[in-house]
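Fold and geometry: a report
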Amino acid sequence: MIIALDGSSVDGSAYTDVVNLARRSPVWLDHTVSDYSTYGLALFAVLMAVGWWHARHRGATASVTALAVPLVVVVAFGVDAALKVLVRENRPCQSLRVTTLEACPAPGDWSFPSNHAAVAAAAAVALLFVSRRLGALAAVAACAMAVSRVWVGAHYPHDVLAGVVVGALVALLAMSALRRHAEAAALRLAATRLRALLVGS
């Protein structure tokens, strides 16, 4: 088991600055950021669905690539969750005396790296293999998600940075590997009942 250093010694002061700024910010801004932090991952699901829908009209290979995106995101989440268990870093709201927008998670809900940031980054990078436009939009949304997790007090800055790196790296490796086999996979799937998922009418 790897025991992380106290996260507050890494960038605790930066975290405190952000949390204090959030407390002094307009209520509407805090509510907007909190809502996005909580529900914003749904946006990435919408972008994945849009990517798949358009890919169906570009052929079976493009569809296979688009259908792989959510699977890659799940893999990235799994890798990130495994790192959490190995590192076991306490949440900053447990280590520092601060009032946060988001209720402090119970002990044992580890902080490093951020699952939200990893999922968002993985979706963004994977979507770049489907559509540059959707990938760019998802990248902006992923950055906003990472910032929001610090703003609401759920993570240190280094938690979300690590989450972004983990998610992006997993997605890049997985989608690069898939690209070499997407055509063969499309040919096999096109001969099955899944053909309707690959080709639009």
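Because the structure is predicted, anything quoted here is derived from the model rather than measured.

Reading the values: the criteria
- Residues numbered from 1 in each chain as written.
- Predicted model: local features only at pLDDT ≥ 70, side-chain atom pairs only at ≥ 80, totals over all residues.
- Heavy atoms only, no water.
- Helix = DSSP H or I, 4+ residues; strand = E, 2+ residues; numbered from the N terminus.
- Buried < 20%, exposed > 50% of the residue type's maximum accessible area, 1.4 Å probe, protein only.
- Contact = heavy atoms within 4.5 Å.
- Areas by Shrake-Rupley, 256 points an atom, 1.4 Å probe, with all protein chains shown as cover.
- Phe/Tyr/Trp six-rings, centres within 6.5 Å; stacked < 30°, edge-to-face > 60°.
- Core = buried A, V, L, I, M, F, W, Y, C linked by side-chain atoms within 4.5 Å.
- Axes fitted to C-alpha atoms, helices over the stretch in contact; angles between N-to-C directions.
- Parallel < 35°, antiparallel > 145°, perpendicular 65-115°, else oblique.
- Left-handed = near helix turned anticlockwise from the far one by under 90°.
- Nonpolar A, V, L, I, M, F, W, Y, C, P; charged D, E, K, R; others polar.

Considering the overall build of the chain
Within the chain, the regular secondary structure consists of ten helices and zero strands. Helices (α) and strands (β) of the chain occur, in sequence order from the N terminus, as α-α-α-α-α-α-α-α-α-α. The buried share of the chain, taken over its 201 residues, is 44%. Look at the contacts in the chain between residues 6 or more apart in sequence, and 81% of them connect residues 24 or more apart. As displayed, the chain has an accessible area near 10500 Å², and 68% of this comes from carbon and sulfur atoms.

Observations regarding the packing of aromatic side chains
Within this structure, the stated rule accounts for two aromatic pairs. Arranged with centres 5.9 Å apart and planes meeting at 65°, the rings of Trp-52 and Trp-53 form a pair that is edge-to-face.

Topic: the nonpolar core
Within the largest apolar cluster, 31 residues are counted, with the highest numbers of intra-cluster contacts made by Phe-44, Met-48, Val-69, Val-73 and Met-175. Sequence-distant contacts of Met-175, defined by excluding residues within four places in its chain, comprise Thr-65, Ala-68, Val-69, Val-72, Ala-126 and Phe-129. Tyr-15, Cys-93, Ala-117 and Val-150 belong to the second-largest nonpolar core, a separate cluster that totals eight residues.

Topic: the packing of helix H3 (residues 41-55) against helix H6 (residues 115-128)
One way to put it is that H3 packs onto H6 with a least axis distance of 10 Å and a crossing angle of 20°. Taken together, the axes of H3 and H6 are roughly parallel relative to one another. Considering the relative orientation of H3 and H6, their crossing is left-handed. In this structure, H3 contributes Leu-41, Phe-44, Leu-47 and Met-48 to the contact, and H6 contributes His-116, Val-119, Ala-120, Ala-123 and Leu-127. Residue composition of the contact of H3 with H6, by class: eight nonpolar, one polar and no charged.

Remember that the coordinates give geometry; whether it matters functionally is a separate question.
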